[in-house]
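For reference, the chains in residue letters:
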Amino acid sequence: MRRHFWRFSRPVGSLVCVLLLMILIWFMRLGRGIPHGSPEDVLRRMERKMLLSPGELVEVYEARFNAANVVTWRDGELAVYYFLPEDDNNKKQWKHRYQDGFPLWQAQPDFDWGCCTGMFVDLNANRENKIVTAHRFYVLVKNPDPQVTRGSLTIQSQLGDYTRKWTAKAERTNPYYLSFRMERFGGNDATQELFNALCSGWSSQGAEAEAEAVFYDADGNEVSRLQFNMIEEENTERSEENGA
């Protein structure tokens with residue numbers, strides 16, 4: 001009888017220990033918050049929270065302080081998410097891990113050409129050993145044509161009487177779009193406003209920007225061209241969405 005009781009009590013005791021351990025972990029999680037995770041872990045958690053079907057994680061743009069933009073492809077549309085870095089005290093321990101995030105750019109009818117990532121700010125040393133602030137973001141132009149291996153982007157922007165031309169080149173890194181890197185080092189107020197408007201896709205100062213992307217095959221032959229407007233005019237609906 002004792003032998004049968006012992007055989008029965010051992011698995012029961014093990015199950016109780018496991019349950020107590022799970023309860024302990026649950027309380028620790030409440031106290032410490034959601035544990036940091038990889039970009040894909042945080043993305044899946046965010047998609048479940050937003051009731052979205054899982055999108056394909058295409059690219060992760062990381063910068064100083066471990067801030068990141070994560071790009072997904074879902075049903076033929078691009079989306080960009082901003083991921084919050086780990087706490088300052090844990091940066092060395094949790095490299096390339098994130099605690100939370102939020103949508104930065106979702107599919108919009110006026111931007112069927114693609115979208116932009118958020119802006120990154122870095123401190124760089126130029127040739128004269130002076131520390132300068134570098135601002136950058138990426139223009140993601142959709143192009144699923146398998147012939148296309150690279151492209152060039154030209155943007156003609158204007159703010160009042162001030163005009164500025166921006167150029168960038170890109171090599172294909174995924175089957176959905178080409179990523180053009182835009183950079184700014186210093187500049188006057190008009191330059192800053194234009195750069196910010198290009199990144200966000202809208203302007204309260206009346207900035208305008210027409211872009212043209214030219215796509216090439218592996219032999220350098222032009223395959224196609226795409227012209228599009230990068231800045232939409234500010235309106236009441238847009239202002240309300242942005243909390244203005």
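Engineer: Explain the sheet that holds strand β2 (residues 68-74) to me, please; I cannot follow it from the model alone.
Structural biologist: The pairing of strands in a sheet comes from backbone hydrogen bonds and takes either a parallel or an antiparallel form. Taken together, 4 strands build an open sheet; the order of strands is β1-β2-β3-β4 and the sheet is antiparallel. Sheet topology places β1 (56-62) and β4 (98-105) at the edges, where each strand pairs with a single neighbour. Sheet twist, expressed as the average angle between the axes of neighbouring strands with direction ignored, equals 25 degrees. Pairing of β2 with strand β3 (residues 77-85) involves 7 bridges; the strand directions are antiparallel. Residue pairing across strands places Val71 opposite Val80, the latter belonging to β3. Contacting β1, β2, β3 and β4, helix α2 (residues 39-49) crosses the sheet at an angle of about 60 degrees to β4.

Engineer: I tried to follow the state of the cysteines on my own but got confused; where do I start?
Structural biologist: Between two cysteines, a covalent bond joining their sulfur atoms is known as a disulfide. Under the counting rule described, the total for this entry stands at 0 disulfides. There is no disulfide at Cys116, and the cysteine sulfur nearest it, in Cys199, is 6.2 Å away. Judged by its relative accessible area of 1%, Cys116 is buried.

Engineer: Hey, could you run me through the packing of aromatic side chains in this one?
Structural biologist: All chains considered together, the criterion is met by 9 aromatic pairs. Relative to Phe111, the ring of Trp105 lies with its centre 5.1 Å away and its plane at 85 degrees, an arrangement referred to as edge-to-face. Each member of the pair, Trp105 as well as Phe111, carries the same accessibility label: buried. Grouping aromatic residues by their ring pairs yields a cluster made of Trp105, Phe111, Trp113 and Phe228. We note Arg150 situated over the ring of Tyr216; from NZ or CZ to the ring centre the distance is 4.8 Å.

Engineer: Looking at this structure, I do not really get unusual backbone geometry. What am I missing?
Structural biologist: Glycine aside, a negative phi is what most residues show, and trans is what most peptide bonds show. Phi at Leu51 is positive, roughly 60 degrees, even though this residue is not glycine. For Leu51, the location among the structural elements is in the loop between α2 and β1. In this model, Asp75 sits at a positive phi of 55 degrees, which is unusual for a non-glycine residue. Mapped onto the elements of the fold, Asp75 is located in the loop between β2 and β3. For Asp75, a relative accessible area of 72% puts it in the exposed group.

Engineer: It is not clear to me how the sheet that holds strand β13 (residues 222-229) should be interpreted in this structure. Could you clarify?
Structural biologist: Read across the sheet, 4 strands follow the order β9-β8-β12-β13 without closing on themselves; strand pairing throughout is antiparallel. Among the strands making up the open sheet, the edge pair consists of β9 (162-171) and β13. Between one strand and the next, the sheet's axes are offset by a mean angle of 15 degrees, whatever the strand orientation. Both strand β8 (residues 150-159) and β9 contribute to a ladder of 10 bridges, which runs antiparallel. In the strand pairing of β9, Leu153 is matched with Ala168.

How each quantity is defined
Residues numbered from 1 in each chain as written. Predicted model: local features only at pLDDT ≥ 70, side-chain atom pairs only at ≥ 80, totals over all residues. Heavy atoms only, no water. Pairing = 2+ DSSP bridges. Helix = DSSP H or I, 4+ residues; strand = E, 2+ residues; numbered from the N terminus. Axes fitted to C-alpha atoms, helices over the stretch in contact; angles between N-to-C directions. Contact = heavy atoms within 4.5 Å. Disulfide = S-S within 2.5 Å. Buried < 20%, exposed > 50% of the residue type's maximum accessible area, 1.4 Å probe, protein only. Phe/Tyr/Trp six-rings, centres within 6.5 Å; stacked < 30°, edge-to-face > 60°. Lys NZ or Arg CZ within 6 Å of the ring centre and 35° of its normal.

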